[in-house]
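# A closer look at the structure
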Amino acid sequence: MSQNPRGFGDSGWLREAFLQVPREHFVPDRVWWPEPGEDGLHSLLSREERPRAWLKAIYMPGVPLITQLDDGAVPPEGRAKGAFTSSISSAGVIIELLHHLAPQPGDRVLEIGTGTGYTTALLASRVGAEGAVATVEIDADLATRARERLTTLGLPPLVVTGDGEDGYAADSPYDRIVATASVRRIPPAWLEQLCPGGVLVAPLDSPFGCDLLVHLEGDGRGAARGRVLERVEFMQVRGQREKRSYDDLGWPVEVDPESWRDLHIVVGPEGQRISQP
Ligand SMILES: C[S@@+](CC[C@H](N)C(=O)[O-])C[C@H]1O[C@@H](n2cnc3c(N)ncnc32)[C@H](O)[C@@H]1O
């Protein structure tokens, strides 16, 4: 879903993590292709029926594969339409997220939106045995499957079934928090659970018709400030699907659509404020 897929660049650790973690291990045997056909339906890629096409799709760098429609109401049995509610994020967008998150060996990391568990596995490979990764997934079936996949590979992250907007206080504070589902408003719990100087990278819904990836540095007392990194597209966290007025969400009344790169963001107990410097 990234509109700006990058290479590994100077993040050599990311290349290592991608080489260590087999992406196909995290992909269900049946997934939907993200682009609809002319009839508006998404075709189903079946590992059993077309193993090569399934594997090829998994390794296309700019392509997310859809693993759930309409919160699981649509069974993966054929061409279908519905709202995307879970996916394995494209390699391109994961590189973008993790490059800016820049987790270090030994860090404590919280991920919101486990999905398949693939990003979780990459994080675990980076932080190593001295670090710790907790990941929160709201959908109990998805959480169970991700937990099984991680365990099969011998990876230790803690997969929590719950509402990621609450973070996961039990293992806090975190050096890094990353969300792989977008929010309209940064949840206060994420900032409360960040170490002083800790980094949060998350997609924030914007008035520009896309999400903006934001990079915030926490003060350890529930506030943070930072900037916008990139235009991205993510599915929304369940509790924030409903549209809200951008005025109420701290956006300036008039925003120049060309100037999204210059935006600054301040978030704290009083809410969030996005401004042009
Ligand atoms: C784009 S998918 C994550 C993909 C994951 N990075 C991967 O590559 O497998 C977003 C996930 O966020 C989950 N989600 C939505 N709202 C949530 C919430 N409030 N708390 C935790 N997870 C949530 C969805 O169920 C979905 O699995």
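Right above here is the structure, for reference.
Every chain's residues receive numbers from 1 upward, in the order its sequence appears when written. Only residues with pLDDT of at least 70 are given local features in this predicted model, and only at 80 or more are side-chain atom pairs given and counted; all residues enter the totals for whole chains, interfaces and linings. Side-chain numbers come from the whole structure's heavy atoms, not from hydrogens or water.

### Things to note about the sheet that holds strand 7 (residues 158-161)
Taken in spatial order, the 9 strands line up as 7-6-5-8-9-10-11-12-13 in an open sheet, and their pairing is mixed. Only two strands of the sheet have a single neighbouring strand rather than two, namely strand 7 and strand 13 (271-275). Strand-to-strand twist across the sheet, computed as the mean angle between neighbouring axes with direction ignored, equals 20 degrees. Between any two strands, at least two bridges found by DSSP are needed for them to pair. Helix and strand definitions here come from DSSP, where helices need a minimum of 4 consecutive H or I residues and strands a minimum of 2 consecutive E residues; each element is numbered from the N-terminal end. As judged from the 8 bridges shared by strand 10 (residues 211-218) and strand 11 (residues 224-232), these two strands associate in the antiparallel manner. In the sheet register, Val214 faces strand 11, and the bridge partner there is Val228. Whether two residues are in contact is decided by their heavy atoms: any pair within 4.5 Å suffices. Think of each axis as a best-fit line through the C-alpha atoms, taken over the contacting stretch in the case of a helix, with angles from 0 to 180 degrees between the N-to-C directions. Here helix 4 (residues 118-127) sits on the sheet in contact with strand 5 (108-112), strand 6 (132-137) and strand 8 (174-179), set at roughly 165 degrees to strand 6.

### Considerations on the site of the ligand
Whether a residue is near a molecule or strand depends on its heavy atoms: if one lies within 4 Å, it is near. With respect to spatial proximity, 23 residues lie near the ligand, and among them Ser86, Thr116, Glu137, Asp163 and Gly164 are the closest. Take Ser89: an N or O atom from its main chain is 3.0 Å from an oxygen atom of the ligand. The term polar contact refers here to a pair of N or O atoms within 3.5 Å; inside protein, the definition further demands a hydrogen-donor-capable atom paired with an acceptor-capable atom, and it admits residues adjacent in sequence only when both atoms are side-chain atoms. A distance of 3.3 Å is found between a nitrogen atom of the ligand and a side-chain nitrogen or oxygen belonging to Thr180. The definitions used throughout rest on a 1 Å grid laid over the protein atoms alone, on which a cavity is an enclosed set of points accommodating a 1.4 Å probe that cannot get out and a pocket is an open set flanked by protein within 12 Å on both sides along at least five of seven lines; lining residues are those having an atom within 4 Å of a point. Being in a pocket or cavity means that more than half of the molecule's atoms lie within 2 Å of its grid points. Comparing atom positions with the cavity grids shows the ligand to sit within the largest pocket. Of all the secondary structure elements, the ones that give two or more residues to the shell around the ligand are strand 4 (84-88) and strand 6.

### Digging into the packing of aromatic side chains
A pair of aromatic rings is counted whenever rings of Phe, Tyr or Trp (Trp by its six-membered ring) have centres within 6.5 Å, and the orientation is called stacked for planes under 30 degrees apart, edge-to-face for over 60 and tilted otherwise. Under the definition given, this model contains 5 aromatic pairs. Measuring from ring centre to ring centre gives 5.3 Å for Phe8 and Phe18, while their planes differ by 65 degrees; the resulting arrangement is edge-to-face. With a gap of 10 residues between them, Phe8 in the segment before helix 1 (12-20) and Phe18 in helix 1 connect regions that are remote in the sequence. A ring pair is formed by Phe26 and Tyr118, whose centres lie 5.9 Å apart and whose planes are at 55 degrees; its orientation type is tilted. Remark: Tyr118 occurs in helix 4 and Phe26 occurs in the loop between helix 1 and strand 1 (30-32); sequence separation between them is 92 residues. Looking at Tyr118, the relative accessible area reads 2%, which means it is buried. Members of the aromatic cluster, joined through ring pairs, are Phe8, Phe18, Phe26 and Tyr118. For every residue, the accessible area (1.4 Å probe, protein chains only) is compared with the maximum for its type, and the residue is labelled buried under 20%, exposed over 50%, or partly exposed between those bounds.

### Points about the packing of helix 3 (residues 91-101) against helix 4
Put simply, helix 3 and helix 4 touch, their axes get as near as 12 Å, and they point 35 degrees apart. Read as a crossing pair, helix 3 and helix 4 show a hand that is right-handed. Contacts from Ile94, Leu98 and Leu101 of helix 3 reach helix 4 at Tyr118, Thr119, Leu122 and Leu123. Classifying every residue of the contact of helix 3 with helix 4 gives 6 nonpolar, 1 polar and no charged. A crossing counts as left-handed when the near helix is turned anticlockwise from the far one by less than a right angle, and as right-handed when that turn is clockwise. In the scheme used here, Gly and all other residues not listed as nonpolar or charged are polar, with Ala, Val, Leu, Ile, Met, Phe, Trp, Tyr, Cys and Pro taken as nonpolar and Asp, Glu, Lys and Arg as charged.

### A short note on the nonpolar core
In terms of nonpolar packing, the biggest core is built from 40 residues, with Phe18, Leu65, Leu98, Tyr118 and Leu122 touching the most fellow members. Secondary-structure elements contributing two or more residues to this core are helix 1, helix 2 (51-58), helix 3, helix 4, helix 5 (140-152), strand 9 (194-205) and strand 11. In terms of residue count, helix 3 provides more of this core than any other element does, 7 residues in total. Shared between two domains, this core holds at least three residues of each, these being domain 1 (12-88) and domain 2 (91-275). Not counting residues within four places of it along the chain, the set of residues in contact with Leu98 comprises Trp13, Leu14, Pro103, Thr119, Leu122 and Leu123. We call a set of buried Ala, Val, Leu, Ile, Met, Phe, Trp, Tyr and Cys residues a nonpolar core when their side-chain atoms join them within 4.5 Å. Ile112, Leu249, Trp251 and Val267 belong to the second largest nonpolar core, which has 32 residues in total. In this entry, domain limits derive from an automatic or database-based domain assignment.

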